[in-house]
Amino acid sequence: MRVGTKSVLFGAHCFGIHFIFVAVAWWKLYGFPWDPRLWLAFFLHDLGYLHSPNMDGPEGERHVELGARIMGRIFGRSWRDLCLCHSRYYAKRLGCHFSRLCVADKLAFVMTPAWLYTPMTRATGELREYMDRAAERRLVATSLLRRNQPCWVRTVRICGSKD
């Protein structure tokens, strides 16, 4: 099973858990999400990771397209763009500003308890990929942090985003 599929089933982007943290983050940032379209966006925005062989590689970077395509077909361009631009990478690629969903999604990462996030991402292989990518980008440089996954997660939450 590919890492993206594992992420959606039981990892950082777990379809039964992640959208709740995104909704709570949205509530903290912008007020309660009364619009049902937002709840659908919270649920759909990361489903594009299904079948992806990586999280941050070329295939993983396109994960925004599935949710955006669905939201766009149902609700129009602005909802498509909300999902497309929840990735800073993808927004930059399109020459757009990242969406409010991007900010809520990043806050959701911080709000997910480490006792839940660490074992979920360890089990899927995501954590290793995130740690390797951070080391490549020199976001977390010390070898001590690279050996201690819970410490790495706490440090990234304090010092900056994993992507």
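Residues numbered from 1 in each chain as written. Predicted model: local features only at pLDDT ≥ 70, side-chain atom pairs only at ≥ 80, totals over all residues. Heavy atoms only, no water.

### Focus: the side chain of His45
Next, step 1: Turning to its location among the elements, His45 is positioned in the loop between helix H3 (36–44) and helix H4 (58–61).
Next, step 2: Taking relative accessible area as the criterion, His45 reaches 0% and is therefore assigned buried.
Next, step 3: A polar atom in the side chain of His45 sits 3.4 Å from the side chain of His18.
Next, step 4: A polar side-chain atom of His45 sits 2.9 Å from a polar atom in the side chain of Asp46. (Helix = DSSP H or I, 4+ residues; strand = E, 2+ residues; numbered from the N terminus. Buried < 20%, exposed > 50% of the residue type's maximum accessible area, 1.4 Å probe, protein only. Polar contact = N/O pair within 3.5 Å; in protein donor to acceptor, adjacent residues only side chain to side chain.)

### Overview of a nonpolar patch on the surface
Next, step 1: A cluster of nonpolar side chains, contributed by Met1, Leu9, Phe10, Phe15 and Phe43, occupies part of the molecular surface with about 490 Å² of accessible area.
Next, step 2: Among the structural elements, Phe43 can be located in helix H3.
Next, step 3: A relative accessible area of 32% means that Phe43 is categorised as partly exposed. (Patch = residues over 30% accessible without salt bridge, like charges linked within 9 Å, V, L, I, M, F, W, Y side chains within 5 Å. Areas by Shrake-Rupley, 256 points an atom, 1.4 Å probe, with all protein chains shown as cover. Salt bridge = Lys/Arg side-chain N within 4 Å of Asp/Glu carboxyl O.)

### A closer look at the nonpolar core
Next, step 1: The biggest cluster of nonpolar side chains holds 37 residues, and the ones touching the most others in it are Trp26, Phe42, Leu82 and Leu101.
Next, step 2: Counting residues per element, this core draws most heavily on helix H2 (residues 18–30), at 5 residues.
Next, step 3: Beyond its immediate sequence surroundings of up to four residues, Trp26 is in contact with Gly31, Pro33, Leu38, Phe42, Leu82, Arg100, Leu101 and Ala104. (Core = buried A, V, L, I, M, F, W, Y, C linked by side-chain atoms within 4.5 Å. Contact = heavy atoms within 4.5 Å.)

### Details of the packing of aromatic side chains
Next, step 1: As enumerated under the stated definition, the model contains 10 aromatic pairs in all.
Next, step 2: An aromatic cluster of three or more residues is present, and its members are Trp26, Trp27, Tyr30, Phe32, Trp34, Trp39 and Phe42.
Next, step 3: Taking NZ or CZ as reference, Arg100 lies 4.3 Å from the ring centre of Tyr30, over its face. (Phe/Tyr/Trp six-rings, centres within 6.5 Å; stacked < 30°, edge-to-face > 60°. Lys NZ or Arg CZ within 6 Å of the ring centre and 35° of its normal.)

### Some details on the side chain of Asp105
Next, step 1: Position of Asp105 among the secondary structure elements: in helix H8 (residues 100–111).
Next, step 2: For the buried Asp105, no salt bridge exists, and the shortest N-O distance to an oppositely charged side chain is 4.7 Å, to Lys106.
Next, step 3: Dropping the residues within four chain positions of it, Asp105 is found in contact with His18, Val22, His45, Asp46 and His86. (Lys, Arg positive; Asp, Glu negative; His and termini not counted.)

### Comments concerning the pattern of salt bridges
Next, step 1: Per the counting criterion, the structure on display carries 4 salt bridges.
Next, step 2: Among the ionic pairs, Arg37 bridges to Asp35, the shortest N-O distance being 2.6 Å.
Next, step 3: A relative accessible area of 30% means that Arg37 is categorised as partly exposed.
Next, step 4: Across the pair Arg77 and Asp81 runs a salt bridge whose closest N-O atoms are separated by 3.7 Å. Here the residue Arg77 and the residue Asp81 both occupy positions in helix H6 (residues 77–84), the gap between them amounting to 4 residues, near one helical turn.
Next, step 5: Given the relative accessible area of 61%, Arg77 is considered exposed.
Next, step 6: Through salt bridges with shared partners, a single network forms among Arg77, Arg80 and Asp81.

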